[in-house]
Amino acid sequence: MMNEFRCKRIYEPAADTDGFRVLVDRLWPRGIRKENAGINLWAKEIAPSKELRKWFSHDPAKYDAFEALYRQELNRNPASQEFKNLCMQKAQDQQVTLLYGAKDEKYNHAVVLKEWLEERIDP
């Protein structure tokens, strides 16, 4: 039974139900101490490129274009396959929580990454 993937702001307290906690931001979030973050993995290599992140600038009007461009990056990124395999393995027996620093819970790259992962789950 595959567990689901969940997105959560890193600024929210860690919970036992988070399971495997992965920070998916390229930059370390402001105000979070590494020893207090409670993360299992910092997967900065699968975050959007610096150029894409700056262009998007968390503008909801650009979200659809951002999503398409980020998906292209994920599909071309050799680290994405390894990340997907790790997440699928972890999701076999625990929750996988994708952590991000953005304020917007709806329009951010972790939401795109979660959907991208879910589309690759073998039935």
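Located above this text is the structure these notes cover.
Residues numbered from 1 in each chain as written. Predicted model: local features only at pLDDT ≥ 70, side-chain atom pairs only at ≥ 80, totals over all residues. Heavy atoms only, no water.

1. So, the environment of P13
Phase 1 of the analysis: Position of P13 among the secondary structure elements: in the loop between β1 (5–9) and β2 (20–23).
Phase 2 of the analysis: Using a relative accessible area of 65% as the deciding quantity, one classes P13 as exposed.
Phase 3 of the analysis: In sequence terms P13 and F56 are 43 residues apart; their C-alpha atoms lie 27 Å from each other.
Phase 4 of the analysis: For P13, the contacting residues outside a window of four places in its chain are K8 and D18. (Helix = DSSP H or I, 4+ residues; strand = E, 2+ residues; numbered from the N terminus. Buried < 20%, exposed > 50% of the residue type's maximum accessible area, 1.4 Å probe, protein only. Contact = heavy atoms within 4.5 Å.)

2. Topic: the pattern of salt bridges
Phase 1 of the analysis: Enumeration over the complete set of coordinates arrives at eight salt bridges.
Phase 2 of the analysis: Put simply, E115 and R71 hold a salt bridge, and the shortest N to O gap is 3.8 Å. Of the two residues, E115 sits in helix α4 (residues 109–118) while R71 sits in helix α2 (residues 63–76), which places them 44 residues apart along the sequence.
Phase 3 of the analysis: Overall, E115 belongs to the partly exposed group, its relative accessible area being 31%.
Phase 4 of the analysis: Given the relative accessible area of 17%, R71 is considered buried.
Phase 5 of the analysis: Across the salt bridge formed by R120 and E119, the nearest N and O atoms sit 3.5 Å from each other. (Salt bridge = Lys/Arg side-chain N within 4 Å of Asp/Glu carboxyl O.)

3. Some details on the pairing of β2
Phase 1 of the analysis: Neither face of β2 is exposed, since F20 and V22 on one face and R21 and L23 on the opposite face are all buried.
Phase 2 of the analysis: Summarising the sheet, β2 and strand β4 (residues 96–100) pair through four bridges and their orientation is parallel. In the strand pairing of β4, R21 is matched with T97.
Phase 3 of the analysis: Pairing analysis gives two bridges linking β2 to strand β3 (residues 41–42), with the strands arranged parallel. By the bridge assignment, L23 is partnered in β3 with W42. (Pairing = 2+ DSSP bridges.)

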